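Observations on the model geometry
Here is what each chain is made of, one letter per residue.
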Amino acid sequence: MWSQKTIQLKARKRGFHLITDEIEQQIPEIKSYSVGILQLFIQHTSASLTINENADPTVRHDMEAHFNKFVPERAPYYQHTYEGDDDMPAHIKASTLGCSVMIPISHGRLALGTWQGIYLGEHRDFGGSRQIVATLHGE
């Protein structure tokens, strides 16, 4: 069985945000799958999706600090600068981390590891709400 829907994430400040609960709340259909796959695709070029540590919030802080150092604002070689200092770095961060994740479904639950959660990487200072296409496949 295939199912697809678009969900809206609330606007968040720049940084890495644990969104697993919000995803599960907006896709209750997961509970009806005994086995399957959930694919999440973010429809934006300045935000990303990834999976990482769900327990210690310092991981999210350190991720943001690392990516801000790894991809600095106002690099002299950036040409795409008319949307603000955070725009080109946001595109680079989004491409580096990616726009989608796939998560197995087992017995009506996301089969994430004990310490895993779904992250939204919000790479703009004022990115606004974000849209995700969620595609379910399974039985």
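For the structure, check the block above.
Residues numbered from 1 in each chain as written. Predicted model: local features only at pLDDT ≥ 70, side-chain atom pairs only at ≥ 80, totals over all residues. Heavy atoms only, no water.

Another point: helix 3 (residues 87–97). Looking only at helix 3, the buried set comprises D87, P89, A90, H91, K93 and A94. Against strand 4 (47–53) and helix 2 (57–70) lie the buried residues of helix 3. (Buried < 20%, exposed > 50% of the residue type's maximum accessible area, 1.4 Å probe, protein only. Helix = DSSP H or I, 4+ residues; strand = E, 2+ residues; numbered from the N terminus. Contact = heavy atoms within 4.5 Å.)

With that settled, consider the sheet that holds strand 5 (residues 100–106). Paired through backbone hydrogen bonds, the strands of a sheet run either parallel or antiparallel to each other. The sheet built from 5 strands is open, its strands ordered 1-8-3-5-6 with antiparallel pairing. Every interior strand has two partners, whereas the edge strands, strand 1 (2–9) and strand 6 (109–110), have only one. Pairing of strand 5 with strand 6 involves 2 bridges; the strand directions are antiparallel. Looking at the pairing, S106 lines up with R109 of strand 6. (Pairing = 2+ DSSP bridges.)

Along the chain, the position of H17 falls in strand 2 (residues 15–18). Sequence-distant contacts of H17, defined by excluding residues within four places in its chain, comprise R12, R60, I118, Y119, L120 and E122.

Here we take up the packing of helix 2 against helix 3. At a minimum axis separation of 10 Å, helix 2 and helix 3 run at an interaxial angle of 115°. For the pair helix 2 and helix 3, the sense of crossing is right-handed. Contacts from F67, N68 and F70 in helix 2 reach K93, T96 and L97 in helix 3. Looking at the contact of helix 2 with helix 3 residue by residue, the classes come out as 3 nonpolar, 2 polar and 1 charged. (Axes fitted to C-alpha atoms, helices over the stretch in contact; angles between N-to-C directions. Left-handed = near helix turned anticlockwise from the far one by under 90°. Nonpolar A, V, L, I, M, F, W, Y, C, P; charged D, E, K, R; others polar.)

Looking at the largest pocket, its volume works out to about 200 Å³. Contributions of two or more residues to the lining of the largest pocket are made by helix 1 (20–26) and strand 6. The element best represented in the lining of the largest pocket is helix 1, accounting for 4 residues. (1 Å grid on protein atoms, 1.4 Å probe; cavity = no way out; pocket = protein on both sides within 12 Å on 5 of 7 lines; lining within 4 Å. Points joined across faces, edges and corners; volume = space filled by probe spheres on them.)

The two faces of the sheet receive side chains in turn, since in a regular strand these alternate between them. Here strand 7 (residues 116–122) lies mainly inside the structure; 6 of its 7 residues are buried. Pairing between strand 2 and strand 7: 4 bridges, direction antiparallel. Bridge pairing in strand 7 links L18 to Y119. Pairing of strand 4 with strand 7 involves 7 bridges; the strand directions are antiparallel. By the bridge assignment for strand 7, A47 is matched with E122.

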